[in-house]
Amino acid sequence: MAVAVSRLIDAIETIAPPEFAESWDNVGLLVGSAKREINGCLLTIDLTESVLEEAISHGAELIIAYHPPIFHPLTSLTDRTAAERIVLRAAHAGMAIYSPHTALDAAPRGVNDWLAEGLGSGDIQALEHRAVLPESEAFKIVTFAPHDAVQRIREAMSTTGAGCIGDYSQCSFELAGSGTFLGGASTNPTIGTAGELERVDEIRLEMVCSERCLGLAVMALREFHPYEEPPIEIYALHPRPQRNIGMGRRVVLDQKVTFDELAERIKKRLGVARLRLARPDGCPDEIGTIGLCAGAGGGMLSQAVKRDCEVFITGEMKHHEILAAMADRCAVLVAGHTNTERGYLPILRERLAERVGGVDLHVAETDADP
């Protein structure tokens, strides 16, 4: 049974929400229509011309390419370069292309967690914590009303989408207190008399709200509030740091290991025969605290050093980044860019299969470390 591309997008974005991605990245649906009905999907790290040919031969109408095939802006779409040919041919075939890239790196149970879990048991957290704010909790609306009006205000605001926290709705907070007001000559207060200071027992009602439904929520509040001039306060909420979301990982092993043992664990995890090692003088013989970042992770070295990592593991690093690591007495293990990423594809396939049935999910066989 065919399903819409949007079903697969919904599934992968529950695994790797786009808001987790780096600001410089290009994640999401890059080519094609989310409405198209598909039967097959190919998963790959790099979308090369041979991988595209494999997708077409398998009858896949969607490619999930970890690395975005459109990263730098295209100024033309011809057959002149491989990047243009891939996009042009995919579009001509009606094929959709989606890229999760750094969203999948930063997400819990994503690429970096998979890499970290191969090092042994211990505490795993992001090297650089990402602050996350759910869309439904971007703002907080606060009002003050008599006790007998609070329920209808809450229900009215809830119908607009306010008060949603995760899978819970009508979420609110109430606090009893006393409010005062002095109505001017032109007012017609619901409680009390114009020109006299009134003191009223009130409930402070708070509800979170998305930016999208903020206007409707305020309108509903005004409509169902008994006061002539309802008190309304709106606060923008700050993102909340999450220790398990963000770029890179810091692993504190339950039991320290020698360099040889650490290297063997990494090679086994990645299925590689060799690693490149840079080890400074004075580096400890046994390792307990490890920093890592899949792919080209040199930009995370400073975070690893700052957080007392004795070794930094990544796919590739520049020469001067490695020199900087040596100067900071942090050893470096380099495994090859896509070697640190490709082993996650079968796991991603299984996670997608759990969420979307009726689609043939295939891991590319022609995708390989060049």
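About the criteria used
Residues numbered from 1 in each chain as written. Predicted model: local features only at pLDDT ≥ 70, side-chain atom pairs only at ≥ 80, totals over all residues. Heavy atoms only, no water. Axes fitted to C-alpha atoms, helices over the stretch in contact; angles between N-to-C directions. Helix = DSSP H or I, 4+ residues; strand = E, 2+ residues; numbered from the N terminus. Parallel < 35°, antiparallel > 145°, perpendicular 65-115°, else oblique. Left-handed = near helix turned anticlockwise from the far one by under 90°. Contact = heavy atoms within 4.5 Å. Nonpolar A, V, L, I, M, F, W, Y, C, P; charged D, E, K, R; others polar. Patch = residues over 30% accessible without salt bridge, like charges linked within 9 Å, V, L, I, M, F, W, Y side chains within 5 Å. Areas by Shrake-Rupley, 256 points an atom, 1.4 Å probe, with all protein chains shown as cover. Salt bridge = Lys/Arg side-chain N within 4 Å of Asp/Glu carboxyl O. Buried < 20%, exposed > 50% of the residue type's maximum accessible area, 1.4 Å probe, protein only. Core = buried A, V, L, I, M, F, W, Y, C linked by side-chain atoms within 4.5 Å. Pairing = 2+ DSSP bridges.

Asks: Explain the packing of helix α2 (residues 49-57) against helix α3 (residues 82-92) to me, and be specific about the residues and the numbers.
Replies: Two elements in contact, α2 and α3, have axes whose closest approach is 10 Å; the angle formed by their N-to-C orientations is 15°. It follows from the interaxial angle that α2 and α3 lie roughly parallel. In terms of crossing hand, the pair formed by α2 and α3 is left-handed. Between α2 and α3, the residues in contact are E49, L52, E53 and I56 and A82, R85, I86, R89 and A90, respectively. Taken together, the residues of the contact of α2 with α3 break down into five nonpolar, no polar and four charged.

Asks: Give me a nonpolar patch on the surface: which residues, what numbers.
Replies: A contiguous nonpolar surface patch, about 230 Å² in accessible area, is contributed by L74, L77 and L88. Tracing the chain through its elements places L88 in helix α3. A relative accessible area of 35% means that L88 is categorised as partly exposed.

Asks: Could you give an account of the nonpolar core, with specific residues and numbers?
Replies: If you look at the biggest cluster of nonpolar residues, it comprises 70 residues, and the most contacted ones within it are L62, L119, L262, F312 and L352. If you tally residues by element for this core, the top one is helix α1 (residues 5-15), at six residues. If we skip the residues at most four places from it in the chain, L352 touches A11, I12, I15, L43, I64 and L361. I141, M157, I203 and L221 belong to the second-largest nonpolar core, a separate cluster that totals 18 residues.

Asks: Describe the sheet that holds strand β9 (residues 173-182), with residues and values.
Replies: Pairing in this open sheet of four strands is antiparallel, and the strands run β9-β10-β8-β11 from one edge to the other. With partners counted over all chains shown, the strands left at the sheet margins are β9 and β11 (232-236), one partner each. Between one strand and the next, the sheet's axes are offset by a mean angle of 30°, whatever the strand orientation. Bridge count between strand β8 (residues 139-145) and strand β10 (residues 197-209): seven bridges; the pairing is antiparallel.

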